[in-house]
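# A look at the structure
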Amino acid sequence: MENNMTDCEEGEGEPTSQGDGHPKESSPFINSSAASDMKKSQQYDGKSMALFEEEIDTSPMVSSLLSSLANYSNLPTGSKEHEEAENNEEGARPSKKPVKAPQLGTLMGVYLPCIQNIFGVILFLRMTWMVGIGGVLGSFIIVFMCCSTTMLTAISMSAIATNGVVPAGGSYYMISRSLGPEFGGAVGICFYLGTTFAGAMYILGCIEILLIYIVPQAAIFKIEGLEGPEAEIALLNNMRVYGTIVLSFMAIVVFVGVKYVNKLALVFLACVILSILAVYAGIIKTALEPPVFPVCLIGNRTLLSKSYDICAKVVEIDNETITTKMWRSFCDSDSLNATCDEYFINNNITEIQGIPGVTSGILAENLFGNYLEKGMILEKRGISSNVDPDIPTTNANRYVLADITSFFTLLVGIYFPSVTGIMAGSNRSGDLRDAQKSIPIGTIAAITTTSTVYMSCVVLFGACIEGVVLRDKFGEGVNGNLVIGTLAWPSPWVIVFGSFFSTCGAGLQSLTGAPRLLQAISRDGIIPFLRVFGHGKANGEPTWALLLTASICEIGIIIASLDAVAPILSMFFLMCYMFVNLACALQTLLRTPNWRPRFKFYHWALSFLGMSLCLSLMFICSWYYAIVAMGIATCIYKYIEFCGAEKEWGDGIRGISLSAARFALMRLEEGPPHTKNWRPQILVLVSMDAEQNVEQPRLLSLTNQLKAGKGLTIVGTSVQGTFLDSYTEAQRADQSLRKLMETEKVKGFSQVVVSSNIRDGTSHLIQVGGLGGLKHNTVMVSWPQNWKQPECYQQFRNFIEVVRETTIASLALLVPKNISSYPSNGERFTEGHIDMWWIVHDGGMLMLLPFLLRQHKVWRKCKLRIFTVAQMDDNSIQMKKDLITFLYHLRIDAAVEVVEMLDGDISAYTYEKTLVMEQRSQILKQMHLTKNEMEREIQSITDSSRGSIRRKNPPTLRPQQSTEEGTTLAEKPQHKYEAVSNLKQVRLIQSKNAATPTSPTSPTSPAATLAGGAVTWRDSKGPDKGMTDSAATPEACKDPLSMKPEWESLNQMDLRRMHTAMRLNEVIIKKSKEAKLVLLNMPGPPKNRVGDENYMEFLEVLTDGLNRVLLVRGGGREVITIYS
């Protein structure tokens, strides 16, 4: 094929050699400039795949993809990123052995490990006692309930395990990837703690077998001669000492080499299987030949075997009655007339068969439970005893006593650990030849086998063994033998040594698996404080994790009681199994496209049933342990949520979020929110500089301070250009927005739009921001500070278009002026006022915003003041009373003041100001006209000026307040403004332009003149630059009749608006000069676009002299209500 490819290439076009000797085809699709690109493109040569050549980096050939998937090998650490992180930290290792393909099948890889982990210490040490206490029926219910839980969990686990490749991480990997890092970390820690405490339980079981049944003489704290609590304390101390020794030895073995533990696993498994077979053999033997196994009773009370040598009070030897050891135990002397225990005298001695056999019919007697209080004597049913209830029990230490108070829920907690271990197969998924086939078959087969053994043992133990023997936990009435051992064939020692070695092996397995599980969690990085436990020896062995595991295991050893430790690990395992079921149910119900398990025999109802059983068993076992376990899991969950690393694993919780979001959005579509539910959903429009950084970061600070309403926030910006050319720039802008939002702690979304111009991009954001019913209802945009500069002409035009668009879309508008002077989130106002100037009713937006601001710590100590304007015909006293009542019903605390503004004559300065404004507007308009348009416009201005020569006596103007403005005219101004514009100079410029139109870029253009300050205006306190004397003299302002001819042509509406703006500004400055923030109704824009510049001038005059101003426009609906 190589030759054919070369021939084809040589036959077409002009070959070129690129260093490797292979001729290349001259093609525009092949980039031969870089050697790497050339090598990548070689695989397409001659394969008719040149069409896809440019996408080789992102879209590999199917052949290479299939090859990499076929050669996939599961990593021992649990996931691919672990290995990558390790390589990045430690570098590539020089000599790495090739990874062997996994070879384990279903039997050796899943079935037998599960059997070994499920069968354990509880079967040998507590199963007979549970049957005796709970009865056959009660015990069967417990076993059936626990086995059903694990079977349902195994079904869910099989579905998850067969839904794709599961790296070697077992249940932690499955749960974390199905439910997310928070649940995965919490349940992973619980599973780790359960496995660790399981190790402690196995070690305690091992020590119990050693000290009670194999070598009782090895006890450091001697039990002989001690009775009651003292004997119990001595036993527990022995357990603690020997448990610590065994734990240390096992930890050293695991540290030295795990391979030895794995090699011994088969030996330990053989011990378990042989022990169980010995029990079944003994049961069969009892049906044929019941063993001689006597138990001695006084009345119906079971005697300790060490308290007698012969089961009789006296014996006849050579016609002589001799007292026995039993007599001496209950009487004060050997003589027949000695004073003896009352119960001993009144009741006969009975010797019964301890193991009557399967065919004896003892099953009926053992069918129901016999729960005991601590210290109660074990009594046989069906035998009467003569006991005086008024006489207290004496010599109780001669009988077999109950060591703990027993009840049904206690039995559940103690028994459940004997059905755990079902995860052993999934934990070995990295070693399986076909994990998706082996895990379901092996796990379910193992659970079926063990459940059958457990259920049959419950029935067979109840049918073979006497009740008092079953309830004898430590075999004290049967010569200290292990009760299940008495049933075994050929010898009890088979069970004793088999159970001893099996518990040792299970303990080693726990100490081997738990540190690796902790290491996998640590290397995922989701729990920051556990990262140190991700490190280990050079070969990857988790040294630090082993040390922590041994320390936690020591806690279980210190508890020392097998019956107390078992419910603890039951909690953690049950929680783990509960979340496995939850994961399967969620994936099934959400119908995630990736949810395609090969295992088909599952259903969400089964998973929910399994989850319910797990939760029920947790509280049945021990409600307080359940609460503690859930509290630990909750703390870990919240810790990961707030401090953990962000992980996206395609988990089911994200799927729930998507489904819930879709449901909520569909509900929001049903209608607009009620006024009581209205809150500002803010679209913040920001501009970016050349480096794609936000120019007004304080906009986001103000947004954060307004978010007491907990509404939606969208921070949007527009990038100029085409989407193809400016995509990278848009991504950079988006990252900049996200970073600033994180800095300012603004919870919301960023949105960047690429458009041919900024105006259209902003319009698109206003139109399409949000989704469905979750759309913005408020727009925040900063005031264009330098709008008077010619280069900012388009900026303020864009601003006015935003005002128009929000008006037509019924959106509220917030315009903070002097945004750079607004406080950051870290500042605090210790005093001051927030002033609201309520001029027109906007739906209550002006009332709501200060209330929201005061919820934030920046504005919390500021007091609210509300000002309203009374017109000439209004009753200001009644207005104030009504406003106080209104605020009371709104539950808003604010000081109220009504400002009376009387109508006044329009001053000469107002005329002058309006004239300058209109002439400036004409100049700005000319700057953006074409040549022909400019000539026509100048001609119309000239004609207008000529027409103004017709002089009339101007009347005294007293304009009335219009409904749109909502304000009355102000009183006489307190301070004067000076027009910094030479009107003659302006007219000269116009005449010059009419004669010889100039371009905007020429030195004599209006732009250059305007930039020089010819038509700007300032406060009277500033220096006088370029102002004509006639415009500034008091005489000119005092006499309205001495108006200039130009004033007659002024637009009367503009004149009245300027008059209103100036009067209002004077009053606002007088009242609110020192306020920390002034909120003011923002008047609407002109309906036509001719007066845009005038509109900006009105707003500038209205807010002049104020430090922080927030202009507010309502959205046309009520946003605040007095009703509950």
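Structure: see above.
Cut-off values and rules
- Residues numbered from 1 in each chain as written.
- Predicted model: local features only at pLDDT ≥ 70, side-chain atom pairs only at ≥ 80, totals over all residues.
- Heavy atoms only, no water.
- Axes fitted to C-alpha atoms, helices over the stretch in contact; angles between N-to-C directions.
- Helix = DSSP H or I, 4+ residues; strand = E, 2+ residues; numbered from the N terminus.
- Left-handed = near helix turned anticlockwise from the far one by under 90°.
- Contact = heavy atoms within 4.5 Å.
- Nonpolar A, V, L, I, M, F, W, Y, C, P; charged D, E, K, R; others polar.
- Phe/Tyr/Trp six-rings, centres within 6.5 Å; stacked < 30°, edge-to-face > 60°.
- Buried < 20%, exposed > 50% of the residue type's maximum accessible area, 1.4 Å probe, protein only.
- Lys NZ or Arg CZ within 6 Å of the ring centre and 35° of its normal.
- Polar contact = N/O pair within 3.5 Å; in protein donor to acceptor, adjacent residues only side chain to side chain.
- Pairing = 2+ DSSP bridges.
- Right-handed = clockwise from strand over helix to strand, strands pointing away.

## Focus on the packing of helix α5 (residues 106-118) against helix α15 (residues 435-464)
One can describe the packing of α5 onto α15 by two numbers: an axis separation of 8 Å at closest approach and a directional angle of 35 degrees. Handedness of the α5/α15 crossing: right-handed. Contacts from Thr106, Val110, Tyr111, Cys114, Ile115 and Ile118 of α5 reach α15 at Ser438, Ile439, Ile441, Gly442, Thr443, Ala445, Ala446, Ile447, Thr449, Thr450 and Tyr454. Counted by class, the contact of α5 with α15 contains eleven nonpolar, six polar and no charged residues.

## Digging into the packing of aromatic side chains
Tallied over the full model, the rule gives 26 aromatic pairs. With a centroid separation of 5.7 Å and an interplanar angle of 35 degrees, the aromatic rings of Trp493 and Phe497 are classed as tilted. Within this pair, Trp493 and its partner Phe497 are both found in helix α18 (residues 492-524), separated by four residues, close to a single helical turn. With a centroid separation of 5.9 Å and 20 degrees between ring planes, the pair formed by Trp838 and Phe886 is classed as stacked. Taken together, the positions of Trp838 in strand β13 (residues 833-838) and Phe886 in helix α29 (residues 876-890) put the pair 48 residues apart, joining distant regions of the chain. A residue is classified by how much of its surface remains accessible, and Trp838, at 16% relative accessible area, is buried. The rings of Trp327, Phe330, Tyr343, Phe344 and Tyr399 are connected pair by pair, giving a single aromatic cluster. Residue placement shows Arg301 over the ring face of Tyr343; its charged tip is 3.7 Å from the ring centre. In this structure, Lys313 packs its charged tip against the face of Phe344, placed 4.7 Å from the ring centre.

## Considering the environment of Lys861
By secondary structure assignment, the location of Lys861 is in the loop between α28 (845-853) and β14 (863-870). Given a relative accessible area of 56%, Lys861 falls into the exposed group. Each C-alpha atom, one on Lys861 and one on Gly832, is 7.6 Å from the other, the two residues being 29 residues apart in sequence. Lys861 has contacts with Phe829, Thr830, Glu831 and Gly832, leaving out every residue within four places of it along the chain.

## Focus: the side chain of Thr503
On the secondary structure map, Thr503 appears in helix α18. According to the relative accessible area criterion, Thr503 is buried, its value standing at 1%. Engagement of the side chain of Thr503 in a polar contact is seen with the backbone oxygen of Ser499, the distance being 2.9 Å. With sequence-adjacent residues up to four places away left out, Thr503 is seen in contact with Val121, Tyr202, Cys206 and Ile209.

## Overview of the sheet that holds strand β4 (residues 301-302)
Judged by pairing direction, the sheet is antiparallel, and its three strands sit side by side in the order β4-β3-β7 without closing on themselves. Strands with a single pairing partner mark the edges of an open sheet, and in this sheet they are β4 and β7 (349-353). Of the strand pairs in this sheet, strand β3 (residues 294-298) and β4 are connected by two bridges, and their pairing is antiparallel. Each residue of the ladder has a partner; that of Ile298, found in β4, is Arg301.

## Digging into the pairing of strand β9 (residues 713-720)
Counting buried positions along β9 gives seven out of eight residues, so the element sits mostly inside the fold. With four bridges connecting them, strand β8 (residues 682-685) and β9 associate as parallel partners. Across the sheet, residue Val684 finds its bridge partner in β9, namely Val715. Relative to strand β10 (residues 749-755), β9 runs parallel, the two sharing seven bridges. Considered in β10, the bridge of Gln720 is made with Ser755. Running through helix α25 (residues 723-743), the crossover from β9 to the neighbouring parallel element β10 is right-handed.

## Considerations on the side chain of Thr420
Topologically, Thr420 is positioned in the loop between α13 (408-415) and α14 (424-427). A distance of 2.7 Å separates a polar atom in the side chain of Thr420 from the backbone oxygen of Pro417. Beyond its immediate chain neighbours, meaning those up to four positions away, Thr420 contacts Asn117, Ile118, Phe573 and Tyr577.

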